[in-house]
Amino acid sequence: MIIAEQKPFKEIYESVKDSEKLLVLGCGTCVTVCMAGGEKEVGVLANQIRLAAGKDGGKIEVTEHTITRQCDEEFFDEGASEKIKEADSVLSLGCGVGVQHIVQLYPDVVVRPGVNTQFYGATLQQGIWTERCAGCGECVLERFEGICPIARCSKSLMNGPCGGSSNGMCEVDPENTECAWQLIYDRMKRLNKLDKLMDYQPPKDWSHDRDGGPRSVSREDVLF
Amino acid sequence: MESEAGEREPVIIAFCCHYCAFTAADLAGTMRQQYPTNIRIVRLPCTGKVYVNMLLEAFVDGADGVMVAGCEEGSCHFLEGNYRAKKRVNYAKQKIEEVGINPEKLEMYHIGASEGPLFARKAREFTERIRKLMQEENEPENQIQNEK
Ligand code: SF4
Ligand code: SF4
Ligand code: FES
């Protein structure tokens, strides 16, 4: 899922404080799971804005709403649409995709982002999320038995490790970041496939990544 | 609520665990221990029921101070409810500080069921703390200018 983190309150407040009718709109999918922009976070942030506005004499009327997914038009039902149109600004707690999708669907409404979108990651334990995929467009996990050197090696090395791998940790952040190449090595060993590491890996084909500009995927068979 | 001097009396919400602080508050009453009438008690099944927005909502609805009172460390009937509450209180302190409310206006206490006098004392202390903070805010040099 997409992992995001709420922006500092000050930055959020600066961006919405001139609004008179503000809708704080949460997203019920990725950002709910990573606790950055679901219904609960909407509630807390809306109350923070109310309190801050009360203190500096602002006249923001804050409403709250959360939909299942901000990146899918079908979830913008009548109720949500009405609330969005009634507002002069929407503070979206969806990821960057959600923010832009609202802009596309409701061209007259001002939309502000409430989170910093970070990466594609997994929940390690409640409260800790970590990067696992960089959306490179051509997955090579097969070659590395399921550990991604693109997303998890700080240098995205295809033929690692580098000299900075020490005690299983990466030199870029030895306290917190495991060396992806140590993980790849351990995994190959476990599966009795260490010989696979003798193969030379050609440079990654980056033409499927963002080098060709924004990407899209289409499926003729499901198009209406 | 106004005092005789015309100052507004602080409104304090106390979220109390049914098994300890709430019983202690009851006991304080039975023992005729005085504690300020400013305190409005909300009974919870355990302080583990506390969530961050519950605390913020109290401030939005006009509370001047919010206290959370749970079982003593290690004696929560649901094992970890009071530890979790403590973390949430600390997080909520950050959240109110971000909007310009002194985090001292929110506090977590641990009060056993038999400690009626302790409840009364903490209630008095907290009320005094809030009263003082309110007075400081009302001093002219500390008032926020609202000339828009
Ligand atoms: S808008 Fe973003 S956060 Fe919400 S479901 Fe879509 S991808 Fe996930
Ligand atoms: S190889 Fe590319 S697509 Fe596969 S996990 Fe790594 S970054 Fe993601
Ligand atoms: S039962 Fe009292 S704090 Fe959990």
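Since the structure is predicted, the reported quantities are computational estimates derived from the model, not experimental observations. (Residues numbered from 1 in each chain as written. Chains lettered and ligands numbered in written order. Predicted model: local features only at pLDDT ≥ 70, side-chain atom pairs only at ≥ 80, totals over all residues. Heavy atoms only, no water.)

Draft legend 1. Representation of the overall build of chain A. Looking only at helices and strands, one finds seven helices and seven strands in chain A. When the helices and strands of chain A are placed in sequence order, the string is β-α-β-α-α-β-α-β-α-β-β-β-α-α. In terms of C-alpha radius of gyration, chain A reaches 22 Å, well past the compact-globule figure of 17 Å for 224 residues. C-alpha extents for chain A along the principal axes are approximately 65 × 45 × 25 Å. Residues classed as buried in chain A amount to 38% of the 224 residues present. Here the contacts in chain A between residues at least 6 apart in sequence split such that 59% fall between residues at least 24 apart. When the 25 positive and 35 negative side-chain charges of chain A are each reduced to one mean point, those points stand 4 Å apart. (Helix = DSSP H or I, 4+ residues; strand = E, 2+ residues; numbered from the N terminus. Rg over C-alpha atoms; globule rule 2.2 N^0.38 Å. Buried < 20%, exposed > 50% of the residue type's maximum accessible area, 1.4 Å probe, protein only. Contact = heavy atoms within 4.5 Å. Lys, Arg positive; Asp, Glu negative; His and termini not counted. Charge placed at Lys NZ, Arg CZ, Asp CG, Glu CD.)

Draft legend 2. The arrangement of the site of ligand 2 in detail. Ligand 2 sits among Cys133(A), Ala134(A), Gly135(A), Cys136(A), Cys139(A), Val140(A), Leu141(A), Cys148(A) and Ile150(A). Residue classes in the shell around ligand 2 are distributed as eight nonpolar, one polar and no charged. (Near = heavy atom within 4 Å. Nonpolar A, V, L, I, M, F, W, Y, C, P; charged D, E, K, R; others polar.)

Draft legend 3. Region of interest: the interface of chain B and chain A. With 14 residues of chain B at the contact, the number on the chain A side is twelve residues. Between chain B and chain A, the buried area comes to about 1200 Å², and carbon and sulfur atoms account for 61% of it. Looking at the side of chain B facing chain A, the largest losses of area belong to Asn53(B), Val60(B) and Val99(B), adding up to 38% of the total buried there. Counting across the interface, chain B meets chain A through zero salt bridges. At the boundary of chain B and chain A, one finds five residue pairs in polar contact (both at pLDDT 80 or more). Looking at the side of chain B that touches chain A, the elements that each hand over two or more residues are helix 2 (52-60) and helix 3 (81-98) of chain B. The element best represented in the side of chain B that touches chain A is helix 2 of chain B, accounting for six residues. (Buried area = accessible area lost by both parts, 1.4 Å probe. Salt bridge = Lys/Arg side-chain N within 4 Å of Asp/Glu carboxyl O. Polar contact = N/O pair within 3.5 Å; in protein donor to acceptor, adjacent residues only side chain to side chain.)

Draft legend 4. A look at the packing of aromatic side chains. Residue and element names in this part refer to chain A. Under the definition given, this model contains six aromatic pairs over all chains. With a centroid separation of 5.7 Å and an interplanar angle of 15 degrees, the aromatic rings of Phe9 and Tyr13 are classed as stacked. In this pair, Phe9 and Tyr13 are both assigned in helix 1 (residues 9-16), four residues apart and thus about one turn of the helix distant. Across the pair, Tyr13 and Phe9 agree in class, each one buried. (Phe/Tyr/Trp six-rings, centres within 6.5 Å; stacked < 30°, edge-to-face > 60°.)

Draft legend 5. Spotlight on the environment of Ser165(A). All names here are of chain A. Inspection of the secondary structure puts Ser165 in the loop between helix 6 (149-152) and helix 7 (180-190). A residue is classified by how much of its surface remains accessible, and Ser165, at 24% relative accessible area, is partly exposed. Apart from the residues within four sequence positions on either side, Ser165 is in contact with Cys179 and Gln182.

Draft legend 6. Summary view of the pairing of strand 1 (residues 12-17) of chain B. Residues and elements named next belong to chain B. Of all six residues in strand 1, six are buried; the element is thus mostly enclosed. Relative to strand 2 (residues 39-44), strand 1 is paired through six bridges, and the arrangement is parallel. Directly across from Ile13, in strand 2, lies its bridge partner Arg40. Read from strand 1 through helix 1 (residues 21-30) to strand 2, the crossover connection turns out right-handed. The sheet contact formed by strand 1 and strand 3 (residues 65-70) spans five bridges and is parallel. From the neighbouring strand, Ala14 faces strand 3, where its bridge partner is Met67. (Pairing = 2+ DSSP bridges. Right-handed = clockwise from strand over helix to strand, strands pointing away.)

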